[in-house]
Structures are given as C-alpha cells and as structure tokens.
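Topology and contacts: notes
Residue-level listing of the chains:
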Amino acid sequence: QVQLVESGGGLVQAGGSPRLSCAASGSIFSISAMAWYRQAPGKQRELVAGITSGGSTNYPDFVKGRFTISRDNAKNTVYLQMNSLKPEDTAVYSCYMSVRYSDYVDGYWGQGTQVTVSS
C-alpha cells in the first residue's frame, strides 16, 4: 500500500507563489510518472502538470510559464511551484503517482489540498 501526503496549500493573495509538496510512503519499488491535477467547484478535474521518470515535463497552456513541476526521486516527492497565481487558480490540488512494481503498475492519489487565491 502507498500513501501520498500533500502539503503547502492555503489562502494566497493574487500574484503569490506557493509551493505544493507531495510525498509518497509505503511499499514502493519505483515511481514512474508523477502529476498534479486540480478541481474547482462545479468543474471537472484537470491536469495541471506532469513529469516523467526521466524528468520530461508537460503543462497545459493555462499554467505554462507560471507553474513548474519537479521531483526528488530519493525522497519519492513531487513539487509544484506556482507563480503569479490568479483567482481562477482556486481549486483543490491533488497529486498522482504511477508506482511501478515487478510485474504491474498502479496509480495512487493524494487526499488533495485546497488552494484559494484572493483578489
């Protein structure tokens, strides 16, 4: 079993730059892809940033240039540096990790952390 624990959310003023962290613990062989998603009230969950085991990243246009995803493989941790936040970035942010075992891959979600951006 794998647990993901997020931290770093809260109330932020527009233009702020918080950093989210998500640490995995438990029975982990290796972690391939890591990602951050968000879900605002009344909206579908959407991908915010992704990073492969090799360090390649991808971002949707609405965060490109403002958000940066990174990972520390030794700590089984993924980060999301958010800059120039806007009120429309308000959402619950959740991390996702794809954990690789000897003969299969399984996905795990964090519990989510609220980020509220005030104007």
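Anything mentioned here points back to the structure above.
In short, a report on the structure. (Residues numbered from 1 in each chain as written. Predicted model: local features only at pLDDT ≥ 70, side-chain atom pairs only at ≥ 80, totals over all residues. Heavy atoms only, no water.)

Counting its regular elements, the chain contains zero helices and 11 strands. Shown N-terminal to C-terminal, the secondary structure of the chain runs as helices and strands in the order β-β-β-β-β-β-β-β-β-β-β. Over its C-alpha trace the chain gives a radius of gyration of 14 Å, about what one expects of a compact globule, namely 14 Å for 119 residues. A principal-axis box enclosing the C-alpha atoms of the chain has dimensions of 50 × 25 × 25 Å. A sequence separation of at least 24 residues applies to 53% of the contacts in the chain between residues at least 6 apart. (Helix = DSSP H or I, 4+ residues; strand = E, 2+ residues; numbered from the N terminus. Rg over C-alpha atoms; globule rule 2.2 N^0.38 Å. Contact = heavy atoms within 4.5 Å.)

Our focus in this paragraph is the packing of aromatic side chains. What the rule picks out here adds up to three aromatic pairs. The rings of Y37, Y96 and W109 are connected pair by pair, giving a single aromatic cluster. Positioned above the aromatic ring of W109 is the side chain of R45, whose terminal nitrogen or guanidinium carbon lies 3.9 Å from the ring centre. (Phe/Tyr/Trp six-rings, centres within 6.5 Å; stacked < 30°, edge-to-face > 60°. Lys NZ or Arg CZ within 6 Å of the ring centre and 35° of its normal.)

Right, let's talk about the state of the cysteines for a bit. Two cysteines form a disulfide when their sulfur atoms are joined by a covalent bond. Scanning the entire structure with this criterion turns up one disulfide. The disulfide bridge from C22 ends at C95, spanning 2.0 Å between sulfur atoms. Between C22 and C95 the sulfur-sulfur dihedral comes to about 50 degrees; the bridge is accordingly right-handed. Pair noted here: C22 is in strand β3 (residues 19–26) and C95 is in strand β9 (residues 91–100), with a separation of 73 residues, a long-range link. Considered together, C22 and C95 belong to a single accessibility category, that of buried residues. (Disulfide = S-S within 2.5 Å. Buried < 20%, exposed > 50% of the residue type's maximum accessible area, 1.4 Å probe, protein only.)

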